[in-house]
Number of protein chains: 2
Amino acid sequence: MSQTLKIVLAQHAMGDDAQKNLETSLELIGQAAFAGADLVVLPELHRTPYFCKSQQARFFDQAEPLDGPTFQALSNSAKEHDVVVVGSIFEARQAGLASNTAIVVEKTGAMAGHYRKMHIPDDPGYNEKYYFAPGDLGFEPIDTSVGRLGVLVCWDQWFPEAARLMALAGAEVLIYPTAIGWDPTDTADEQARQLDAWRIMHQAHAIANGLPVVACNRIGYEHDPDGGHHPAHFWGHSLIAGQQGELIAEANDQATLLMGTVDIARTDQVRRAWPFLRDRRVDAYEGLLSRSLSDES
Amino acid sequence: MSQTLKIVLAQHAMGDDAQKNLETSLELIGQAAFAGADLVVLPELHRTPYFCKSQQARFFDQAEPLDGPTFQALSNSAKEHDVVVVGSIFEARQAGLASNTAIVVEKTGAMAGHYRKMHIPDDPGYNEKYYFAPGDLGFEPIDTSVGRLGVLVCWDQWFPEAARLMALAGAEVLIYPTAIGWDPTDTADEQARQLDAWRIMHQAHAIANGLPVVACNRIGYEHDPDGGHHPAHFWGHSLIAGQQGELIAEANDQATLLMGTVDIARTDQVRRAWPFLRDRRVDAYEGLLSRSLSDES
């Protein structure tokens, strides 16, 4: 028995023209559907350049409500092409409150659900705590006609806790829209270690939870609007991993539609061989709810 | 500033003669110390063949107390060679109660501490739940003259929770004595996926926690004492990974002293760049204490 899901990751670059970026995404959704996709995933914050490189109040003008223009466009496209779409928006919630939100659009064009990024980064080039409140919806999978989707966003990928909670809640596939790249001033060795670490974390979430994992990353070189201190070279390398962490497909750093088929039914087989969910020591995990168990005095 | 630690993993095979196995371990500790090791790690249950391939009451005769002959021998060796040793025993606690226990021996020959394997496997060829009660000491690092050691054992390696709890408790390096191998009847592809997954999980613990990780595995082909249904080909591939998951050293499937130097002080640098501990959503992790968040009705 198998229950296959054909996933297409629309890895692309974003320029200064938000409308043009959106049209590129829509064009790629159409191509993906033509290629037989059941599910199309877009990169994180795919409507605009990655504005979090600097802290500028004017960028809040780019925020939009859940049912704003990005949803409307994705909704029309999902319905036209009969495909489920995972998109990503800068969500305006009320004055002074915004989130980094993934939206899942059903084949009917309806909103299947949304996920607000729970782990928010804040480091040079990725000043997200300035723009986004921490997610307040928890780790809840989103039910769709193609399965129960464990949608997480970028920085969440470094936290095994997030993947595990989605798995425990019944997610059938883990999906990460991402925007991660190299600091061009880092050495080649450092850049290689970072990309390897990123790939390994996604594979590890697959292994630890017996689930397929996909990540759709941005590509392209984006200047720092503050004047060049923190440019980013988004590294692409979107990937599709199977339940044992094996790579089914991986992109390079160029624009691409990355296609791969995962077999949702294989999760049960893999978990019989590797019954990690059976053996978790839930009686001994309380420390996970602490920030630290060894505060230095 | 650096604070280096030279680690040697004594990857070797075990035969039917327990005394000879122990002598091999002692010989390797001496060689490792001669090569400059600060810390030597032995494989899981290094005194005997991996008896958990079958359920036989007579094998409980092999269990020994914490301060039994294995500790005594390792203690003498650690003191003679001025090195910290991580060993592994089948611990007899009282009639009908045994554990799979790692012991850490100080350079003075004293017991620095012990860890009882928390996650116990139970699948064909690895019938550990028959022999070992689940560990009851939690995830507590062990302080030694060469650092605060986060000692875990084999099956623990598949649980990000265990690595995280050791990291939160201040472990400076994660250490896994292991006994894992291929089922010779599996396909070459399946065997490759399993070994890759094993390596990836260790690398992921390093990345997610910004800690060096080492695993010392058994090698060799061991027959099933029940008559051949579950032989194991222990795959070796002991490894030393740095704080970004980068492989510092990895063995093949032959006997070896695998040497590598980790820089404990680098943890602070890596965690400044990747501040995952800062951003954990401890307010939203309560579900990790549940077996399932999606029980099927």
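This text gives an overview of the structure that appears in the document. Predicted model only: the values in this text are computed from it and were never measured. (Residues numbered from 1 in each chain as written. Chains lettered and ligands numbered in written order. Predicted model: local features only at pLDDT ≥ 70, side-chain atom pairs only at ≥ 80, totals over all residues. Heavy atoms only, no water.)

Within helix H4 (residues 160–168) of chain B, nine of the nine residues are buried, leaving the element largely enclosed by the surrounding structure. Once H4(B) finishes, B:Gly170 follows within two positions and takes phi at roughly 95 degrees, a positive value. (Buried < 20%, exposed > 50% of the residue type's maximum accessible area, 1.4 Å probe, protein only. Helix = DSSP H or I, 4+ residues; strand = E, 2+ residues; numbered from the N terminus.)

So, on to the relation of the copies chain A and chain B. Rotating chain A by 180 degrees and moving it 0.0 Å along the rotation axis overlays it on chain B with an RMSD of 0.0 Å. With respect to symmetry, the two chain copies, as superposed, fit the operation of a two-fold axis. By residue overlap, the copies meet face to face through one surface: 100% of the interface positions of chain A are interface positions in chain B. (Least-squares fit on C-alpha atoms with pLDDT ≥ 70 in both. Contact = heavy atoms within 4.5 Å.)

Let us now look at the sheet that holds strand S15 (residues 256–263) of chain A. Sheet strands pair by backbone hydrogen bonding; their relative direction is either parallel or antiparallel. Residues and elements named next belong to chain A. The mixed open sheet is built from six strands, whose spatial order is S5-S4-S3-S2-S1-S15. In this open sheet, the two strands that pair with only one neighbour each are strand S5 (111–116) and S15. Direction aside, neighbouring strands of the sheet carry axes that sit 30 degrees apart on average. Judged from the five bridges that link them, strand S4 (residues 97–105) and S5 form a sheet pairing that is antiparallel. Residue Val105 lies in a different strand from S5, and its bridge partner there is Met111. Each of strand S1 (4–11), strand S2 (39–41), strand S3 (84–94) and S15 touches helix H1 (residues 18–34); the most contacted strand, S15, lies at about 45 degrees to it. (Pairing = 2+ DSSP bridges. Axes fitted to C-alpha atoms, helices over the stretch in contact; angles between N-to-C directions.)

Within the secondary structure, B:Thr70 is located in helix H2 (residues 69–81). Setting aside its immediate chain neighbours within four residues, B:Thr70 contacts B:Leu22, B:His46, B:Arg47, B:Glu64 and B:Ile89.

On to the pairing of strand S8 (residues 173–178) of chain B. Both faces of the sheet carry side chains from a regular strand, because those side chains alternate between them. All names here are of chain B. Judged by how many residues are buried, S8 sits mostly within the fold: six of six residues are covered. Burial along S8 is two-sided: the residues Val173, Ile175 and Pro177 and Leu174, Tyr176 and Thr178 are all buried. Across three bridges, strand S7 (residues 147–151) lies against S8 in parallel orientation. Each bridged residue has a counterpart across the sheet, and for Gly150 the counterpart in S8 is Leu174.

A word on the packing of aromatic side chains. All names here are of chain A. In this structure the tally under the stated criterion is 44 aromatic pairs over all chains. Seen in terms of ring centroids, Phe60 and Phe90 are 5.8 Å apart; in terms of plane orientation they differ by 50 degrees. Their pairing is tilted. One end of the pair, Phe60, is in the loop between S2 and helix H2 (69–81); the other, Phe90, is in strand S3, and 30 residues separate them in sequence. On the accessibility criterion, Phe60 (30% relative accessible area) is partly exposed. Take Phe90: its relative accessible area is 4%, and that puts it in the buried class. An aromatic cluster is present here, built from Phe51, Phe59, Phe60, Phe90, Tyr130, Tyr131 and Phe132 joined pairwise through their rings. One cation-aromatic arrangement involves Arg218 over Phe234; the distance from NZ or CZ to the ring centre is 5.2 Å. (Phe/Tyr/Trp six-rings, centres within 6.5 Å; stacked < 30°, edge-to-face > 60°. Lys NZ or Arg CZ within 6 Å of the ring centre and 35° of its normal.)

In helix packing, the relevant descriptors are the interaxial angle and the interaxial distance, both defined with respect to the helix axes. Put simply, helix H5 (residues 188–209) of chain A and helix H5 (residues 188–209) of chain B touch, their axes get as near as 8 Å, and they point 115 degrees apart. Crossing of H5(A) over H5(B) shows left-handed handedness. In this structure, H5(A) contributes A:Ala197, A:Ile200, A:Met201, A:Gln203, A:Ala204, A:Ile207 and A:Ala208 to the contact, and H5(B) contributes B:Ala197, B:Ile200, B:Met201, B:Gln203, B:Ala204, B:Ile207 and B:Ala208. Here the residues of the contact of H5(A) with H5(B) sort into twelve nonpolar, two polar and no charged. (Left-handed = near helix turned anticlockwise from the far one by under 90°. Nonpolar A, V, L, I, M, F, W, Y, C, P; charged D, E, K, R; others polar.)

We now examine the sheet that holds strand S2 (residues 39–41) of chain B. Residue and element names in this part refer to chain B. Strand order in the open sheet formed by six strands is S5-S4-S3-S2-S1-S15, and the pairing between neighbours is mixed. Each having just a single partner strand, strand S5 (111–116) and strand S15 (256–263) make up the two edges of the open sheet. The average angle at which neighbouring strand axes cross in this sheet is 30 degrees, direction not considered. Sheet topology places strand S3 (residues 84–94) next to strand S4 (residues 97–105); nine bridges connect them, and they run antiparallel. Note that in S4 the partner of Val86 across the bridge is Val104. Strands in contact with helix H1 (residues 18–34) are strand S1 (4–11), S2, S3 and S15; relative to S15, the strand with the most contacts, it is inclined by about 45 degrees.

Here we come to the environment of B:Ser292. All names here are of chain B. Secondary-structure assignment places Ser292 in the segment after helix H7 (276–279). In this structure the C-alpha to C-alpha distance between Ser292 and Gly242, which are 50 residues apart in sequence, comes to 33 Å. Engagement of the side chain of Ser292 in a polar contact is seen with the backbone nitrogen of Asp295, the distance being 3.3 Å. (Polar contact = N/O pair within 3.5 Å; in protein donor to acceptor, adjacent residues only side chain to side chain.)

All right, on to the pattern of salt bridges then. Scanning all chains against the criterion turns up 38 salt bridges over all chains. A:Arg164 is the salt-bridge partner of B:Glu161, the closest N and O atoms lying 2.7 Å from each other. You can see B:Glu161 sitting in helix H4 and its partner A:Arg164 sitting in helix H4 (residues 160–168), one on each of two chains. Each of the two residues, B:Glu161 as well as A:Arg164, counts as buried. B:Glu250 is the salt-bridge partner of B:Arg199, the closest N and O atoms lying 3.0 Å from each other. Remark: B:Glu250 occurs in strand S14 (residues 247–250) and B:Arg199 occurs in helix H5; sequence separation between them is 51 residues. Its relative accessible area of 29% is what places B:Glu250 among the partly exposed residues. Within this structure, A:Glu91, A:Arg93, A:Arg116 and A:Asp136 form a network of salt bridges that share partners. (Salt bridge = Lys/Arg side-chain N within 4 Å of Asp/Glu carboxyl O.)

With that settled, the discussion passes to the interface of chain A and chain B. If you look at the interface, chain A gives 52 residues, while chain B gives 52 residues. For the pair chain A and chain B, the summed buried surface comes to about 5,000 Å²; carbon and sulfur atoms form 63% of the total. Taken together, chain A and chain B are joined by six salt bridges. On inspection of chain A and its partner chain B, the count reaches 34 residue pairs in polar contact (both at pLDDT 80 or more). Those elements that place two or more of their residues in the side of chain A that touches chain B are H4, H5 and helix H7 (276–279) of chain A. The element best represented in the side of chain A that touches chain B is H5(A), accounting for ten residues. (Buried area = accessible area lost by both parts, 1.4 Å probe.)

A few words on the nonpolar core. Ranked by size, the top nonpolar core spans 126 residues in total, and within it A:Phe139, A:Trp158, B:Phe139 and B:Trp158 carry the most contacts. The contacts of A:Phe139, once residues within four sequence positions are left out, are A:Tyr115, A:Met118, A:His119, A:Leu152, A:Ala162, A:Leu165, A:Met166, A:Ala169, B:Ala284 and B:Tyr285. (Core = buried A, V, L, I, M, F, W, Y, C linked by side-chain atoms within 4.5 Å.)

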